[in-house]
Amino acid sequence: MLTGGVMDVERLKTVFRDALDLPEDVVWAELRYSEYPGWTSLGHMSLVAAIETEFDIMFDTDDIIDMSSFDKSVELVSKHVD
Amino acid sequence: MSIEIDLSGRVALVTGSSRGIGRAIAHRLAGAGAHVVLHGSRRSAALAEVEAEIGAAGGACSVIAADLGEIDEVKRLIKESFAVGKRLDILVNNAGVLSEGVIGMTPDDQIRHTLRINLESALAAMQIAARLMMRTKSGSIVNLGSIMGMRGAPGVMAYAASKAGLVGATLAAAKELAPNGIRVNAVAPGFIATDMTRGLAEEILAKRLAGIGMQRAGEPSEVADAVLFLASDLSRYVTGQIIGVDGGMVV
């Protein structure tokens, strides 16, 4: 849920968990594209689709290429929903 | 047993749908119940006519103008098409320009323009459409190739290259998107009677007709029927295919 224009990080975490099948104890700060086994290029597109659906946004191609970590994703999604 | 093709509840974008094959495709898809997004480079009288015809026949459609020479415009077209019904089920990359010119005498700008409109814009459209289709894990993309892109012919090097490029894109995209439930196919029309082919020189026209097994030009509706098949669930297990609609044409 969005509150006061601030992106809900927990909501994004849920999308990540579902799309990449992450374990409960995942270390978010260390979650990076191509380093985590399930976060492949194909997985990336499914993840992007899931994020776009959840937040009703559309990324630019450059955003998708830049989305190299969970932290970066927070930043990019914030840019679109704020 | 009759087979009914039902596309109701689905949104289909047909690029270049003011005339010729695109127009026929728009009619077919709307006739099968899809909400069709009509597209032209501008809001022309021809486009308004198609809109009125579909409406009069009880179909549903929207109109979006976009210049496919600008990639940002292609992106806007796809996004606005999605916004129509919060979904995009069918993308028909039909818009194209016919480009004639013998080797050594084709201006570079003409080559660039042909590749931009026929190929680059279609690739950009597929990139965004595929992402939107991934949301529902389903979708059908149909690209309009050409027999020229499969077999080649004198005097159409740039055009043939653009259409051959679409064939390659179709084959690659079909493999990449199959796990996401998105099918990608193409039709390769032969000689179809449209405004585009009516502009051909007479000797070229006569030569083309002589090479057609069925001894006549095809109708836009005959291409549209193949597109309808590929867009619908009748072809639910078909992907990465190029269907020739050419009456047995040899070039």
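Quick caveat: nothing in here was measured; it's all calculated off a predicted structure.

**Looking at the confidence of the model for chain B**
Piece 1. Residue-level pLDDT values for chain B average 95, and 99% of them are 70 or greater.
Piece 2. Across the predicted assembly, pTM comes out at 0.91 and ipTM at 0.77.

**Observations regarding unusual backbone geometry**
Residue and element names in this part refer to chain B.
Piece 1. Of note, the phi angle at lysine 86 is positive, near 55°, even though the residue is not glycine.
Piece 2. One can find lysine 86 in the loop between α3 (71–85) and β4 (90–93).
Piece 3. The class of lysine 86 is exposed, set by a relative accessible area of 51%.
Piece 4. Even without being glycine, lysine 137 reaches a positive phi, approximately 55°.
Piece 5. With respect to the helices and strands, the residue lysine 137 is situated in the loop between α4 (108–134) and β5 (139–144).

**So, the side chain of aspartate 63 of chain A**
Piece 1. Mapped onto the fold, aspartate 63 of chain A is located in helix α3 (residues 61–66).
Piece 2. At 2.9 Å, the side chain of aspartate 63 of chain A and the side chain of lysine 79 of chain A are in polar contact.

**Focus on the side chain of threonine 194 of chain B**
Piece 1. For threonine 194 of chain B, the position within the fold is in the loop between β6 (182–189) and α7 (195–198).
Piece 2. Setting aside its immediate chain neighbours within four residues, threonine 194 of chain B contacts Gly20, Ile21 and Pro220 of chain B.

**A short note on the pattern of salt bridges**
Residue and element names in this part refer to chain A.
Piece 1. Scanning the model with the defined rule gives 18 salt bridges over all chains in all.
Piece 2. Ionic pairing is found between arginine 32 and glutamate 35, a salt bridge with its closest N-O pair at 4.0 Å.
Piece 3. Residue classification places arginine 32 among the partly exposed positions, given a relative accessible area of 35%.
Piece 4. For glutamate 35, a relative accessible area of 56% corresponds to the exposed category.
Piece 5. For aspartate 63, the salt bridge is made with lysine 79, and the minimal N-O distance between the two is 2.9 Å. Here aspartate 63, found in helix α3, pairs with lysine 79, found in helix α4 (residues 70–81); they are 16 residues apart in sequence, far enough to count as distant.
Piece 6. On the basis of relative accessible area, aspartate 63 is assigned to the buried category, the value being 4%.
Piece 7. Its relative accessible area of 52% is what places lysine 79 among the exposed residues.

**What to know about the packing of helix α1 (residues 9–20) of chain A against helix α2 (residues 41–55) of chain A**
In a packed pair of helices, the relevant descriptors are the angle between the two axes and the axis-to-axis distance.
All names here are of chain A.
Piece 1. One can describe the packing of α1 onto α2 by two numbers: an axis separation of 9 Å at closest approach and a directional angle of 145°. At the point where α1 passes α2, the crossing takes the right-handed sense. Of α2, the residues touching α1 (which contributes Arg11, Leu12, Val15, Phe16, Ala19 and Leu20) are Gly43, Leu47, Ala50, Ile51, Glu54 and Phe55.

**Structural notes on the environment of valine 15 of chain A**
All names here are of chain A.
Piece 1. The residue valine 15 is located in helix α1 in this model.
Piece 2. As for valine 15 and aspartate 71, which are separated by 56 residues in sequence, their C-alpha atoms are 14 Å apart.
Piece 3. When neighbours within four sequence positions are excluded, valine 15 is seen to be in contact with Leu47, Ala50, Ile51 and Glu54.

Calculation notes
Residues numbered from 1 in each chain as written. Chains lettered and ligands numbered in written order. Predicted model: local features only at pLDDT ≥ 70, side-chain atom pairs only at ≥ 80, totals over all residues. Heavy atoms only, no water. pLDDT = per-residue confidence, 0-100. Helix = DSSP H or I, 4+ residues; strand = E, 2+ residues; numbered from the N terminus. Buried < 20%, exposed > 50% of the residue type's maximum accessible area, 1.4 Å probe, protein only. Polar contact = N/O pair within 3.5 Å; in protein donor to acceptor, adjacent residues only side chain to side chain. Contact = heavy atoms within 4.5 Å. Salt bridge = Lys/Arg side-chain N within 4 Å of Asp/Glu carboxyl O. Axes fitted to C-alpha atoms, helices over the stretch in contact; angles between N-to-C directions. Left-handed = near helix turned anticlockwise from the far one by under 90°.

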